[in-house]
Amino acid sequence: MSALRHGGGGVDAPGSEPPGAGDPASIRTIDGLHQVLGQAARRDCPDLDVADAEAAVSTVAALCADERSGADPAGVAEQIGEAVACMTELALPESARGPVDWSGFGALIPVLAGSPGAGASVLAAGLTDALQLGGRCALLIDAADPARSGLAAAASSEGPWVHQPHRRLAVRYSWRGHALLARLESDLPAITPGMVPPPPAWLPELDPLHATVVDVGHDGWRAAANPLAGAGGWLRAGWPAPRPILVVRPTRPSLRQAEQVLARLDPWITAGAAVPPYQLVVMGAKRWPAHVVGAAGRRLDALVGQAVFVPHDGDVEVGGITAELLPPRLLDAVCPLLAGWGLLAPTGRFSRSRKGSR
């Protein structure tokens, strides 16, 4: 593999490591503790998003209970806020309100979960596997917190190629078969949605990329809150136009929650800053069960009739995503979708040979 190229240089806060924002051990109430930690997280990022502040506080609060760790909870909260501030600075240039140039990523396919546990990671892996077996050069991006990633075991070994957009954040590149897998790493206890580096920081030197599949992660509800920065940045409007996929389960609760994700994203779509979901994919079914589609709201209803169904697979459900490519029956379900977008041969078939895919 050739040397890696990135669309932006590393960003780091100037000066030395800032001190902690007080002694949480002296706080006598939960509300007081959360206030101190929240203030610390916002020290370098006064406009810290609610989702990032909540994640920072809930993560570092556990450090207060372990006196043996020797960690400074307020200091860790402050470091998380500083990382978010730096990523926001990278993600919001003067042209932030304009369309994004996505041409370096090939066909961009962000995969967004409509509800928790919808199967977005399985779909992202399946799309990538189908593309690589079809002879396409594919990049799979895992934007989730590593501790909660469905793609944590998607490569047989960790690759040696690393890019650091910030001193506490790194993007590591590994191989999944013949596809490149990019994942986040950090020495902080959690990666919040706002800490996710902006898209240019993920771009490797791998020409030409035919397609980039992004497992957005971080819960679709949170990612849809702000597509100008962080994990939601993959939903930005631009050219070539991204084709976001909304993933649901074949259940009424999943459809109701997906409708709320679309409602949260709607103002950004109306403003022209984000793109609406291009396709609905239903995981774990061959068709709609009786009385389920009635739960679809007005935003989701437009996608229901053209939904793509990916059947249930017991081995994947039990074992999760491993370094092995997904079973053919799952890949067969997504091939017509990719063929319709011109990313696979019109037959929608791919080579069954998996030689060298591990």
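Residues numbered from 1 in each chain as written. Predicted model: local features only at pLDDT ≥ 70, side-chain atom pairs only at ≥ 80, totals over all residues. Heavy atoms only, no water.

Brief notes about the pattern of salt bridges
Logical step 1: Inspection of the entire model under this criterion finds seven salt bridges.
Logical step 2: Put simply, Glu158 and Arg183 hold a salt bridge, and the shortest N to O gap is 2.8 Å. Residue Glu158 is found in the loop between strand 3 (138-142) and strand 4 (161-166), and its partner Arg183 is found in strand 6 (residues 179-186); the two are separated by 25 residues along the sequence.
Logical step 3: Classification of Arg183 by relative accessible area gives buried; the value is 9%.
Logical step 4: Between Arg299 and Asp266 there is a salt bridge; the shortest N-O distance is 3.7 Å. Placement of the pair is Arg299 in helix 7 (residues 298-304) and Asp266 in helix 6 (residues 252-270), with a sequence separation of 33 residues.
Logical step 5: Given the relative accessible area of 27%, Arg299 is considered partly exposed.
Logical step 6: Where salt bridges share partners, they join Glu259, Asp266 and Arg299 into one cluster. (Salt bridge = Lys/Arg side-chain N within 4 Å of Asp/Glu carboxyl O. Helix = DSSP H or I, 4+ residues; strand = E, 2+ residues; numbered from the N terminus. Buried < 20%, exposed > 50% of the residue type's maximum accessible area, 1.4 Å probe, protein only.)

Some points on the environment of Arg168
Logical step 1: Along the polypeptide, Arg168 turns up in the loop between strand 4 and strand 5 (169-176).
Logical step 2: The spatial distance from the C-alpha of Arg168 to the C-alpha of Asp187 is 6.1 Å, given a sequence separation of 19 residues.
Logical step 3: There is a polar contact of 3.2 Å between the side chain of Arg168 and the side chain of Asp187. (Polar contact = N/O pair within 3.5 Å; in protein donor to acceptor, adjacent residues only side chain to side chain.)

Quick look at the sheet that holds strand 9 (residues 245-248)
Logical step 1: Taken in spatial order, the nine strands line up as 4-5-6-3-7-2-9-10-11 in an open sheet, and their pairing is mixed. Edge positions in the open sheet fall to strand 4 and strand 11 (308-310), since each of these has one partner strand only. Between one strand axis and the next, the sheet turns through 25° on average, direction left out of account.
Logical step 2: Two strands pair when backbone bridges link them, and strand 4 and strand 5 are joined in this way by four bridges, in the antiparallel orientation. Across the sheet, residue Val162 finds its bridge partner in strand 5, namely Arg172.
Logical step 3: Of the strands in this sheet, strand 2 (107-113) and strand 9 touch helix 6, which is tilted by about 150° from strand 9.
Logical step 4: This element, helix 9 (residues 328-340), spans strand 2, strand 9, strand 10 (279-283) and strand 11 of the sheet and lies at about 160° to strand 11. (Pairing = 2+ DSSP bridges. Axes fitted to C-alpha atoms, helices over the stretch in contact; angles between N-to-C directions. Contact = heavy atoms within 4.5 Å.)

Some thoughts on the packing of aromatic side chains
Logical step 1: All told, the structure shown has seven aromatic pairs when counted by the stated rule.
Logical step 2: Across from the ring centre of Tyr278, 5.8 Å away, lies the NZ or CZ of Arg243, which sits over that ring.
Logical step 3: Sitting above the plane of the Trp221 ring, Arg264 keeps its charged end 4.0 Å from the centroid. (Phe/Tyr/Trp six-rings, centres within 6.5 Å; stacked < 30°, edge-to-face > 60°. Lys NZ or Arg CZ within 6 Å of the ring centre and 35° of its normal.)

Concerning unusual backbone geometry
Glycine aside, a negative phi is what most residues show, and trans is what most peptide bonds show.
Logical step 1: Trp239 connects to Pro240 through a cis peptide bond whose omega is -5°.
Logical step 2: Of note in this structure, His218 is not a glycine but carries a positive phi near 60°.
Logical step 3: With respect to the helices and strands, His218 occurs in the loop between strand 7 (211-215) and helix 5 (220-223).
Logical step 4: A positive phi angle, near 70°, is found at Asp219, a position not held by glycine.
Logical step 5: Relative to the elements of secondary structure, Asp219 occurs in the loop between strand 7 and helix 5.
Logical step 6: Classification of Asp219 by relative accessible area gives partly exposed; the value is 38%.

Observations regarding the pairing of strand 6
Logical step 1: With six of eight residues buried, strand 6 lies mostly within the body of the structure.
Logical step 2: As paired elements, strand 3 and strand 6 share four bridges and run parallel to each other. Its bridge partner lying in strand 6, Leu140 is registered against Leu181.
Logical step 3: Here strand 5 pairs with strand 6 via eight bridges, running antiparallel. Of the residues in strand 6, the one forming a bridge with Trp175 is Leu180.
Logical step 4: The turn linking strand 5 back onto strand 6 is made up of two residues, and Gly177 within it adopts a positive phi angle of 60°.

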